[in-house]
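# Results of the structural survey
Okay, here's what each chain looks like letter by letter:
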Amino acid sequence: MRRLAKGNQKATPFMRLAPSSERVNGVTVKTYEPDGIVRMCNFSTYGGTESIVNSLLVVEDTAEVTTWFEPDITSADRIRLLETNTDYEIIGEPENVELRRQEMTFKVKRVKGGA
């Protein structure tokens, strides 16, 4: 029996949120809708990313996602973790690991409402 290496279990369920846009009163409004397919991934956080904005220290919730390769997932999408119901936007272009079309990895940043 083959055992998976630690960290390769892909035990965190998520769903892809596909973007769509429409014009409302002359303004383009972008919305994200779940595609209905549950996928599994490794979701690794690193305590957030610190930056200084307007002389204030801001910590953004960031993580790295590793999942099975799927060309439908692009940088325009978002993902939703199903256990916590939190949304993350994909930062940069998802990477096809070793160009083998087996796994992909990408970084995400949490989407939060603000004032």
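Residues numbered from 1 in each chain as written. Predicted model: local features only at pLDDT ≥ 70, side-chain atom pairs only at ≥ 80, totals over all residues. Heavy atoms only, no water.

### What about the packing of aromatic side chains?
Applying the stated criterion across every chain yields a total of 1 aromatic pair. On the numbers, 5.2 Å between centres and 65° between planes, the contact of F43 with Y88 is edge-to-face. With F43 in strand β2 (residues 27-45) and Y88 in strand β7 (residues 86-96), the pair connects residues that are 45 residues apart, well separated along the chain. Stacked on the ring of W68, the Lys or Arg K10 has its end atom at 4.4 Å from the ring centre. (Phe/Tyr/Trp six-rings, centres within 6.5 Å; stacked < 30°, edge-to-face > 60°. Helix = DSSP H or I, 4+ residues; strand = E, 2+ residues; numbered from the N terminus. Lys NZ or Arg CZ within 6 Å of the ring centre and 35° of its normal.)

### Focus: unusual backbone geometry
If you check the backbone angles, K10 has positive phi at about 50° while not being a glycine. For K10, the position within the fold is in the segment before β1 (12-24). In this structure K10 comes out as buried when scored by relative accessible area, which is 5%. In the Ramachandran plot, N25 falls in the positive-phi region, its phi being about 50° despite a non-glycine side chain. (Buried < 20%, exposed > 50% of the residue type's maximum accessible area, 1.4 Å probe, protein only.)

### What about the confidence of the model for the chain?
Taken as a whole, the chain shows an average pLDDT of 87; of its residues, 91% reach a score of 70 or greater. Averaged pLDDT values for the elements of the chain fall to 75 in strand β3 (residues 49-53) and rise to 96 in strand β6 (residues 78-81). Predicted confidence for residues 1-5 stays below pLDDT 50, and this span has 1 contact to residues more than four positions away or in other chains. (pLDDT = per-residue confidence, 0-100. Contact = heavy atoms within 4.5 Å.)

### Structural notes on the environment of T66
You can see T66 is positioned in strand β5 (residues 62-68). Here T66 falls in the buried class, since its relative accessible area comes to 18%. For the pair T66 and R100, spaced 34 residues apart in sequence, the C-alpha to C-alpha distance is 14 Å. Look past the residues within four positions of T66 in its chain and what remains in contact with it is K10, C41, N42, E103, M104 and T105.

### A short note on the pairing of strand β4 (residues 56-60)
Two elements, β3 and β4, share 5 bridges in a ladder whose sense is antiparallel. What sits directly across from V53, in β4, is L56. (Pairing = 2+ DSSP bridges.)

### Section: the environment of V111
When you line up the elements, V111 lands in the segment after β8 (103-110). Residues V111 and T66, 45 residues apart in the sequence, show an inter-C-alpha distance of 19 Å. Not counting the four nearest positions on each side in its chain, V111 is found in contact with R78, D87, Y88 and E89.

### Here we look at the nonpolar core
Counting 12 residues, the largest nonpolar core is built from F14, C41, A63, V65, I73, I79, L81, Y88, I90, M104, F106 and V108. Those elements giving two or more residues to this core turn out to be β5, β6, β7 and β8. Counting residues per element, this core draws most heavily on β8, at 3 residues. Beyond its immediate sequence surroundings of up to four residues, F14 is in contact with I37, V38, R39, M40, C41, T67, I73, I79, R80, L81 and L82. (Core = buried A, V, L, I, M, F, W, Y, C linked by side-chain atoms within 4.5 Å.)

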